[in-house]
Amino acid sequence: MKTLLPAEWEPQWGVQLTWPHEGTDWKPYLKEITDTYLEMARAITQYEMLLVVAPDISLVRQQLIDGNVDISRVVFHQCPTNDTWARDHGFITLKMRDERGEMRDEKGEMRDERGEMRDEREEMVMLDFCFNGWGKKFKAEKDNAINKSLFPSLISHLSSLIYESCLDFVLEGGSIESDGKGTIFTTSSCLLAPNRNQPLTREQIEEELKRRLHAERIVWIDHGHLTGDDTDGHIDTLARIAPNDTLIYIGCDDEGDEQFVELKAMEDQLATFRTRQGKPYRLLRLPLPDPIYDDGERLPATYANYLIINGAVLVPTYGQADKDAEAIRIIQQAFPDRKMIPIDSRTIIRQHGSIHCCTMQFPL
């Protein structure tokens, strides 16, 4: 058995949402963002469990009930929070994988290549990395403490858990993508950004990623930038790995767009990437949303920030009918057996994030 970071499309127990409240930057439009979170909650609970983290769970419980969310599929954890970006403060979970590549099915049962159930218990290692507000840009001390508070309650829902402190290393879930086979994709703009892990070099950070994530290779994307991005270029805003060695990425056709040069350079670099077998990746190009502004500031809207769950994909939309439909069509090509669920993300993007940023999955 070996331990790897599973791909997001592998079977999940549930998804974490860290709920918005008046003490967050969502306060000026708290009702609107709460409605968006309720929409995500309804979608998630159709397919798997939902973990809600909040300072006042009694208030959120009533919001969920009033919002027609299946409360029987919700687990609550109460603790202080700074903000809501579960992707970046949540656990990064490793799973045991048989040397032959066997994993659990969606019922949590280990099966071999013939589909027969096996007896081995698999452990999951919950990695608790340091979250420092994307390089000390924002307060994060409460969010950085969520995982340690949460872990004891997870044990009753997910068996064979191991807590591993990685608080000496800064790593956000939105900055990495895994193919589930030992390859981790990331961006140099984020992992080498100030106030993350200096004075470590790129080579040293790569070795840390391999060691902590049990990865066999790290693939670095060296280009790509969205105006208004607070994360220094999280990969989940730019390019995503999908089944069958597929890379889904955002492209730009407007040479007058301030993002054109960087996104074109990223596209060219993606074309040079090869699988471990030496084959080129299948590339699927997402459109770039038309510019969205808030008080004159361009926001980092992207269709790449979708969430994969059991049987479905939650796709961000921005009230741009043609481009929203094109993005859904392209993502459907990568996940033909999953339902596409559009989620209006125009409120989320006002705080410079989208669906994937708000969520963190727990594998089975």
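As a reminder, the structure under discussion sits directly above these lines.
Rules used in this analysis
- Residues numbered from 1 in each chain as written.
- Predicted model: local features only at pLDDT ≥ 70, side-chain atom pairs only at ≥ 80, totals over all residues.
- Heavy atoms only, no water.
- 1 Å grid on protein atoms, 1.4 Å probe; cavity = no way out; pocket = protein on both sides within 12 Å on 5 of 7 lines; lining within 4 Å.
- Points joined across faces, edges and corners; volume = space filled by probe spheres on them.
- Helix = DSSP H or I, 4+ residues; strand = E, 2+ residues; numbered from the N terminus.
- Nonpolar A, V, L, I, M, F, W, Y, C, P; charged D, E, K, R; others polar.
- Pairing = 2+ DSSP bridges.
- Axes fitted to C-alpha atoms, helices over the stretch in contact; angles between N-to-C directions.
- Contact = heavy atoms within 4.5 Å.

Novice: Outline empty space enclosed by the protein, listing residues and values.
Specialist: Counted under the stated rule, the structure contains seven cavities of 30 Å³ or more. By volume, the largest cavity amounts to about 270 Å³. What lines the largest cavity is a set of 23 residues, among which L5, P6, E8, R87 and Q361 lie closest to the centre. Among the secondary structure elements, those contributing two or more residues to the lining of the largest cavity are β5 (92-97), β10 (176-178), β13 (239-242) and β21 (359-363). When its residues are assigned to classes, the lining of the largest cavity shows 12 nonpolar, six polar and five charged. What the second largest cavity holds in volume is close to 60 Å³. Along the walls of the second largest cavity sit D229, T231, T237, P300, T302, N305, I349, H352, G353, S354 and C357, which together make up its complete lining.

Novice: Can you explain the sheet that holds strand β14 (residues 246-250)? Please cite residues and give values.
Specialist: For sheets, the rule is that strands pair by backbone hydrogen bonds, running either parallel or antiparallel. The three strands are arranged β13-β14-β15 in an open sheet whose pairing can be described as mixed. Looking at the sheet topology across the chains shown, the edges are occupied by β13 and β15 (282-286). Across the sheet, the mean angle from the axis of one strand to that of its neighbour is 25°, orientation sign disregarded. By the bridge criterion, four bridges tie β13 to β14 in an arrangement that is antiparallel. Its bridge partner lying in β14, R240 is registered against I248. Each of β13, β14 and β15 touches helix α9 (residues 260-270); the most contacted strand, β14, lies at about 170° to it.

Novice: Got a sec to walk through the sheet that holds strand β2 (residues 12-18)? Specific residues and values, please.
Specialist: Overall, mixed pairing links the four strands, which are arranged β4-β3-β2-β21 in an open sheet. Strands with a single pairing partner mark the edges of an open sheet, and in this sheet they are β4 (74-78) and β21. Neighbour-to-neighbour, the strand axes of the sheet open up by a mean angle of 25°, direction not taken into account. Note: β2 against strand β3 (residues 49-54), five bridges, orientation parallel. By the bridge assignment, G14 is partnered in β3 with M49. Its contacts with the sheet place helix α1 (residues 30-45) against β2, β3, β4 and β21, and it is angled at close to 170° to β2. Running at roughly 155° to β4, helix α2 (residues 57-66) makes contact with β3 and β4 of the sheet.

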